[in-house]
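Listed here are the chains, written in short residue letters.
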Amino acid sequence: TLFSSWYGSIDGYVTQRLTVSAEYDYFKPTFDGDSIFNWFTHSAITTAQLRAAWSVTDRFDVAGSGGVRWGSHAI
């Protein structure tokens, strides 16, 4: 792989009061060969997350988020 980490995010301003966001993150630690313990943590981690924020009134806002994280173990 050329990059060990990359990240993307997009925001959508659906209305003046509603915003939605999506994120995707990939990270794979690099192996330096100095320590045997670095070998055991050498797996990629991927994270995806969704968020929404809603301004119900000028004095009341509601926001929420959720996501998943998964890893792949290459030995």
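Just above, that's the structure.
Residues numbered from 1 in each chain as written. Predicted model: local features only at pLDDT ≥ 70, side-chain atom pairs only at ≥ 80, totals over all residues. Heavy atoms only, no water.

**Looking at the overall build of the protein**
What the protein contains, in helices and strands, is one helix and four strands. Taken from N to C terminus, the helices and strands of the protein fall in the order β-β-α-β-β. Taking all contacts inside the protein whose residues are at least 6 apart in sequence as the whole, residues at least 24 apart take part in 35%. With the model as given, the accessible surface of the protein reaches about 6200 Å², and the carbon-plus-sulfur share is 60%. (Helix = DSSP H or I, 4+ residues; strand = E, 2+ residues; numbered from the N terminus. Contact = heavy atoms within 4.5 Å. Areas by Shrake-Rupley, 256 points an atom, 1.4 Å probe, with all protein chains shown as cover.)

**Digging into the environment of L18**
Locating L18 in the fold gives a position in strand β2 (residues 18-27). A relative accessible area of 27% places L18 in the partly exposed class. Once the C-alpha coordinates of L18 and W54 are considered, the two residues, 36 residues apart in sequence, prove to be 4.6 Å apart. When near neighbours in sequence (up to four residues on either side) are disregarded, L18 contacts G12, Y13, A53 and W54. (Buried < 20%, exposed > 50% of the residue type's maximum accessible area, 1.4 Å probe, protein only.)

**Concerning the sheet that holds strand β1 (residues 5-13)**
With respect to topology, four strands assemble into an open sheet ordered β1-β2-β3-β4, the strand pairing being antiparallel. Among the strands making up the open sheet, the edge pair consists of β1 and β4 (61-72). Direction aside, neighbouring strands of the sheet carry axes that sit 10° apart on average. Looking at chain direction, β2 and strand β3 (residues 44-55) are connected through 10 bridges and run antiparallel. By the bridge assignment for β3, T19 is matched with A53. (Pairing = 2+ DSSP bridges. Axes fitted to C-alpha atoms, helices over the stretch in contact; angles between N-to-C directions.)

**Here we look at the packing of aromatic side chains**
In this structure the tally under the stated criterion is two aromatic pairs. Relative to Y24, the ring of W6 lies with its centre 5.3 Å away and its plane at 40°, an arrangement referred to as tilted. In this pair, W6 is assigned in strand β1 and Y24 in strand β2, connecting sequence segments 18 residues apart. Taken together, the aromatic side chains of W6, Y24 and Y26 make up a single cluster linked through ring pairs. (Phe/Tyr/Trp six-rings, centres within 6.5 Å; stacked < 30°, edge-to-face > 60°.)

**Section: the pattern of salt bridges**
Following the criterion strictly, the structure yields two salt bridges and no others. The partner of R17 in a salt bridge is D58, and the shortest N-O contact between them spans 3.2 Å. Placement of R17 in the loop between β1 and β2 and of D58 in the loop between β3 and β4 is noted, with a sequence separation of 41 residues between them. Residue R17 is classed as partly exposed on the basis of its relative accessible area of 36%. For E23, the salt bridge goes to R51, with nearest N and O atoms at 2.7 Å. Of this pair, E23 sits in strand β2 while R51 is found in strand β3, placing the two residues 28 residues apart along the sequence. Residue class for R51 comes out partly exposed when judged on its relative accessible area of 30%. (Salt bridge = Lys/Arg side-chain N within 4 Å of Asp/Glu carboxyl O.)

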